[in-house]
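One letter stands for each residue in the lines below.
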Amino acid sequence: MPHDHSDHPHAVLPSDPALRVKALETILTRKGLIDPAALDEIIDTYQNKIGPQNGARVVARAWSDPAFKAALLADADPVLAELGYYGRQGEHMVVVENTPTQHNMVVCTLCSCYPWPLLGIPPGWYKSDAYRARAVREPRGVLADFGVSLPAETAVRVWDSTAEVRYLVLPMRPAGSEDLDEDALADLVSRDSMIGTALASKPDEGALT
Amino acid sequence: MSDCISHSAPEPAFLEPWHAQVFALTVSLNEAGRFSWADWVTRFSQTLRRNGLSRELDGGADYFDAWLETLEAILAEAGSASPQEVALVRRDWEEAYLSTPHGDPVHLAG
């Protein structure tokens, strides 16, 4: 119950957009169009359960198991679904493999389509106009900004995500990682290496992001 | 799997609680069949393009401002939440915050 006689300072007023979101939530709940418990579940999932560690496990397995990798590259959806990673929006996942002759990089020029089940919510820079515009126009310049320089003979291919198709980069397995098991390999796989704006870390470096 | 914790994401998924709320609202409405994700992407990308004409969007707060603007427009057109309803309930929430002592949970009256 609100205190109508209080001299205490009142609760901190949320920002205008925060109040508008609260209003939408109230209206839609009253109309039975949403269930607040379902909202909490979605937030908990994306805040705490889904993140780049999912993609890193897939990459580490692909590095360790040639049959798994072949199946993943041929048709990722059933392979990922078996691991429990499937798109809630019904989108298809495509895994693109980095090789000495081709480096892959992922962007969404439309908005910010991203392989949520494998990488979680995209970082701010992925959603920025600067990245979305420059990744296609000058991918090598963007890679340089991320501290990545590729040999001249390596072509850069940029994959533009859509509502229907989301891409995950399978980075090259770093030298010196031959003896590592899947858990140790997964530690070398950063989020950015699966977007294509970084390479997998070498065993003595550890994953940066 | 407890070993996942050791390499969890270093930055929070959402910078502000309302970013998470509006994201979850949208995903929930999509999953309930209120609109397809392809339709959402079309509308959202139109908003981003329009907002990006006057200034370069940095992918932070401006990204979720555009997200909210898009969702409000879709819900208004669908008749699920008109701008008038949103303005009224927003005002109710504002009054609830201003009349609730600091530290107490804020509820809508009535």
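Our subject is the structure that appears above.
Residues numbered from 1 in each chain as written. Chains lettered and ligands numbered in written order. Predicted model: local features only at pLDDT ≥ 70, side-chain atom pairs only at ≥ 80, totals over all residues. Heavy atoms only, no water.

Q: I'd like a description of the overall build of chain B, backed by residues and values.
A: A count of helical and extended segments in chain B gives 4 helices and 0 strands. For chain B, the sequential pattern of α-helices and β-strands runs α-α-α-α. Radius of gyration (C-alpha) of chain B: 17 Å, far over the 13 Å computed for a compact globule of 110 residues. Projected onto its principal axes, the C-alpha positions of chain B cover 45 × 40 × 35 Å. In chain B, buried positions account for 45% of the 110 residues. Look at the contacts in chain B between residues 6 or more apart in sequence, and 44% of them connect residues 24 or more apart. Accessible surface, chain B: about 5600 Å² in total, of which carbon and sulfur atoms supply 54%. Taking the average place of the 7 positive charges on the side chains of chain B and the average place of its 17 negative ones, the gap between the two points comes to 9 Å. (Helix = DSSP H or I, 4+ residues; strand = E, 2+ residues; numbered from the N terminus. Rg over C-alpha atoms; globule rule 2.2 N^0.38 Å. Buried < 20%, exposed > 50% of the residue type's maximum accessible area, 1.4 Å probe, protein only. Contact = heavy atoms within 4.5 Å. Areas by Shrake-Rupley, 256 points an atom, 1.4 Å probe, with all protein chains shown as cover. Lys, Arg positive; Asp, Glu negative; His and termini not counted. Charge placed at Lys NZ, Arg CZ, Asp CG, Glu CD.)

Q: Run through the packing of helix H3 (residues 52-64) of chain A against helix H4 (residues 66-74) of chain A, naming residues and quoting values.
A: All names here are of chain A. Where H3 contacts H4, the two axes come as close as 5 Å, and the packing angle between them is 120°. Classified by the interaxial angle, the pair formed by H3 and H4 is oblique. Contacts between H3 and H4 involve Val58, Arg61, Ala62 and Ser64 from the first element and Pro66, Phe68, Lys69 and Leu72 from the second. (Axes fitted to C-alpha atoms, helices over the stretch in contact; angles between N-to-C directions. Parallel < 35°, antiparallel > 145°, perpendicular 65-115°, else oblique.)

Q: I'd like a description of the packing of helix H1 (residues 16-30) of chain A against helix H1 (residues 17-31) of chain B, backed by residues and values.
A: Their axes nearest at 9 Å, the elements H1 of chain A and H1 of chain B cross at an angle of 35°. When the axes of H1 of chain A and H1 of chain B are compared, the crossing they make is left-handed. In contact with Pro17, Ala18, Val21, Leu24, Glu25 and Leu28 of chain A of H1 of chain A, H1 of chain B contributes Trp18, Gln21, Val22, Leu25 and Leu29 of chain B. Partitioning the contact of H1 of chain A with H1 of chain B into residue classes produces 9 nonpolar, 1 polar and 1 charged. (Left-handed = near helix turned anticlockwise from the far one by under 90°. Nonpolar A, V, L, I, M, F, W, Y, C, P; charged D, E, K, R; others polar.)

Q: Account for the environment of Pro115 of chain A, with residues named and values stated.
A: Residue and element names in this part refer to chain A. Tracing the chain through its elements places Pro115 in the loop between strand E2 (102-107) and helix H6 (116-119). In this structure Pro115 comes out as buried when scored by relative accessible area, which is 1%. Not counting chain neighbours up to four residues away, the residues in contact with Pro115 comprise Met93, Gly120, Arg166, Tyr167 and Leu168.

Q: So what's going on with the nonpolar core? Residues and values would help.
A: Counting 93 residues, the largest nonpolar core has Leu72 of chain A together with Phe23, Trp40, Trp67 and Leu71 of chain B as its most contacted members. Taken domain by domain, this core gets at least three of its residues from each of domain 1 (16-47) and domain 2 (51-195) of chain A. Among all residues touching Trp40 of chain B, those that are not within four sequence positions of it are Thr26, Phe35, Trp67, Thr70, Leu71 and Ile74 of chain B. (Core = buried A, V, L, I, M, F, W, Y, C linked by side-chain atoms within 4.5 Å. Domains from an automatic or database assignment.)

Q: Can you lay out the pattern of salt bridges for me, pointing to particular residues and giving the numbers?
A: Residue and element names in this part refer to chain B. Within the structure shown, the criterion is met by 17 salt bridges over all chains. As a salt-bridge pair, Asp92 and Arg91 come within 3.4 Å of each other at their nearest N and O atoms. On the basis of relative accessible area, Asp92 is assigned to the partly exposed category, the value being 29%. For Arg91, a relative accessible area of 43% gives the class partly exposed. (Salt bridge = Lys/Arg side-chain N within 4 Å of Asp/Glu carboxyl O.)

Q: Run through the packing of aromatic side chains, naming residues and quoting values.
A: For the structure shown, the criterion picks out 23 aromatic pairs over all chains. Between the aromatic rings of Phe44 of chain B and Tyr63 of chain B, the centroid separation amounts to 5.2 Å while the plane-to-plane angle is 80°, which identifies the pairing as edge-to-face. Here Phe44 of chain B, found in helix H2 (residues 37-54), pairs with Tyr63 of chain B, found in helix H3 (residues 61-77); they are 19 residues apart in sequence, far enough to count as distant. Here Phe44 of chain B falls in the buried class, since its relative accessible area comes to 1%. Here the aromatic rings of Trp93 of chain B and Tyr97 of chain B are separated by 6.2 Å at their centres, their planes lie at 45°, and the arrangement is tilted. With Trp93 of chain B and Tyr97 of chain B both in helix H4 (residues 83-98) and 4 residues apart, this pair spans about one turn of that helix. In this structure an aromatic cluster arises from ring pairing among Tyr46 and Trp116 of chain A together with Phe14, Phe23, Phe35, Trp37, Trp40, Phe44, Tyr63, Phe64 and Trp67 of chain B. Sitting over the face of the ring of Trp93 of chain B, Lys22 of chain A holds its NZ or CZ atom 4.4 Å from the ring centroid. The lysine or arginine in question, Arg166 of chain A, covers the ring of Trp116 of chain A, its NZ or CZ lying 5.8 Å from the ring centre. (Phe/Tyr/Trp six-rings, centres within 6.5 Å; stacked < 30°, edge-to-face > 60°. Lys NZ or Arg CZ within 6 Å of the ring centre and 35° of its normal.)

Q: Which residues make up empty space enclosed by the protein, and what values do they have?
A: Scanning the entire structure with this criterion turns up 1 cavity of 30 Å³ or more. The calculated volume of the largest cavity comes to roughly 120 Å³. Considering the residues around the largest cavity, the lining is formed by 17 residues, among which Ser112 and Trp116 of chain A together with Trp37, Tyr63 and Trp67 of chain B are closest to the centre. For the lining of the largest cavity, the secondary-structure elements that each account for two or more residues are H2 and H3 of chain B. (1 Å grid on protein atoms, 1.4 Å probe; cavity = no way out; pocket = protein on both sides within 12 Å on 5 of 7 lines; lining within 4 Å. Points joined across faces, edges and corners; volume = space filled by probe spheres on them.)

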